[in-house]
Amino acid sequence: MSQRKLAIICSKGNLDMAYPGLILGNAALSEGLELHLFFTFWGLDIVTKEHMDDLKFTLVGNTAMHMPQAPKASVPHMLGALPGMTGFATRMMKGQIADLEVPTVPEMLDQIVAAGGHLWACRMSFDMNNLAIADLYDGVENVISANDFIELTDGAQLLFI
């Protein structure tokens, strides 16, 4: 019987989009699954040293943003356009995450690597952003192509976030 595998493609680098892949990855590892995380397009920010501890949460364009007692669904989008709102929303979300004792993005990456998870950077996104290996979180094993990732994760359950 082969070991179960989970492959997660992380394509978005916003704070609220980084956590789903990292939390699911940690859960998979705790269940004994082999885990492969592939960071592509803006998801590469999650493992780029310059950005990984400073991911933002924005109200603008977030179709799932809810505000209790708001008269219209467009209110969060209008507020999000005001100067300083991204910083305010980011601080608020980070506070809520900390209140729940959820680790920061870099701490979650540390946990994943320590538990045997595999982190891969997308070659095309890496090249498009003119990055060097030194720009990436140290736990990233390599920069690989999409074809390499498909080969590595043959037979895995796949999630695209």
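The structure presented is a predicted model; accordingly, all values stated were derived computationally and were not measured.

Trainee: What should I look at first to understand the sheet that holds strand S1 (residues 5-10) in this one?
Mentor: Strand-to-strand pairing in sheets goes through backbone hydrogen bonds, with the strands running parallel or antiparallel. Strand order in this open sheet of 5 strands is S4-S3-S2-S1-S5, and the pairing throughout is parallel. Looking at strand neighbours, the two that pair on one side only are strand S4 (140-144) and strand S5 (157-160), the edges of this open sheet. Ignoring which end each strand starts from, the neighbouring axes of this sheet average 20° apart. By the bridge criterion, 4 bridges tie strand S2 (residues 34-39) to strand S3 (residues 118-122) in an arrangement that is parallel. Counterpart to Phe 39 in the pairing with S3 is Ala 121.

Trainee: What's the story with the packing of helix H1 (residues 15-30) against helix H4 (residues 105-114) in this structure? I'm lost.
Mentor: The geometry of a pair of packed helices is captured by two quantities: the angle between their axes and the separation between those axes. One can describe the packing of H1 onto H4 by two numbers: an axis separation of 10 Å at closest approach and a directional angle of 25°. With respect to H4, the axis of H1 lies roughly parallel. Between H1 and H4 lies a crossing whose hand is left-handed. The residues of H4 that touch H1, namely those facing Leu 15, Ala 18, Tyr 19, Leu 22, Ile 23, Asn 26 and Leu 29, are Val 105, Met 108, Leu 109, Gln 111 and Ile 112. Taken together, the residues that form the contact of H1 with H4 break down as 10 nonpolar, 2 polar and no charged.

Trainee: Sorry, what's going on with the nonpolar core here?
Mentor: Note that soluble globular proteins tend to have their nonpolar side chains buried in a common cluster. Ranked by internal contacts, the top residues of the largest apolar core, which has 36 residues, are Leu 37, Phe 39, Ile 46, Val 105 and Leu 109. Elements with a contribution of two residues or more to this core: S1, H1, S2, helix H3 (85-99), H4, S3 and S4. Considering every element that reaches this core, the biggest residue donor is H1, with 6 residues. In contact with Ile 46, other than residues within four places in its own chain, are Cys 10, Lys 12, Gly 13, Ala 18, Leu 22, Phe 39, Met 52, Leu 55, Val 105 and Leu 109.

Trainee: Just to check I follow, could you spell out the pattern of salt bridges for this structure?
Mentor: Pairing is possible between side chains of opposite charge, provided their charged atoms come close. This structure, assessed with the given rule, holds 3 salt bridges. Among the salt bridges present, the one from Asp 138 reaches Lys 49, with a minimum N-O distance of 3.3 Å. Of this pair, Asp 138 sits in the loop between helix H5 (123-128) and S4 while Lys 49 sits in the loop between S2 and helix H2 (75-80); the two residues are 89 residues apart in sequence, bridging distant segments of the chain. The class for Asp 138 is exposed, based on a relative accessible area of 67%.

Trainee: Even after reading the chapter, I still don't get the pairing of S2, so can you show me in this structure?
Mentor: One face of the sheet, then the other: side chains in a regular strand alternate in exactly this way. Burial runs high along S2: 5 of the 6 residues are buried. Taken together, the 6 bridges between S1 and S2 define a ladder with parallel strand orientation. Paired with Ala 7 across the two strands is His 36, which belongs to S2.

Trainee: Whenever I open this one, a nonpolar patch on the surface confuses me. Can you help?
Mentor: Taken together, the side chains of Phe 41, Trp 42, Met 124 and Met 128 present a nonpolar region at the surface, about 480 Å² in accessible area. By secondary structure assignment, the location of Met 128 is in helix H5.

Parameters and conventions
- Residues numbered from 1 in each chain as written.
- Predicted model: local features only at pLDDT ≥ 70, side-chain atom pairs only at ≥ 80, totals over all residues.
- Heavy atoms only, no water.
- Pairing = 2+ DSSP bridges.
- Helix = DSSP H or I, 4+ residues; strand = E, 2+ residues; numbered from the N terminus.
- Axes fitted to C-alpha atoms, helices over the stretch in contact; angles between N-to-C directions.
- Parallel < 35°, antiparallel > 145°, perpendicular 65-115°, else oblique.
- Left-handed = near helix turned anticlockwise from the far one by under 90°.
- Contact = heavy atoms within 4.5 Å.
- Nonpolar A, V, L, I, M, F, W, Y, C, P; charged D, E, K, R; others polar.
- Core = buried A, V, L, I, M, F, W, Y, C linked by side-chain atoms within 4.5 Å.
- Buried < 20%, exposed > 50% of the residue type's maximum accessible area, 1.4 Å probe, protein only.
- Salt bridge = Lys/Arg side-chain N within 4 Å of Asp/Glu carboxyl O.
- Patch = residues over 30% accessible without salt bridge, like charges linked within 9 Å, V, L, I, M, F, W, Y side chains within 5 Å.
- Areas by Shrake-Rupley, 256 points an atom, 1.4 Å probe, with all protein chains shown as cover.

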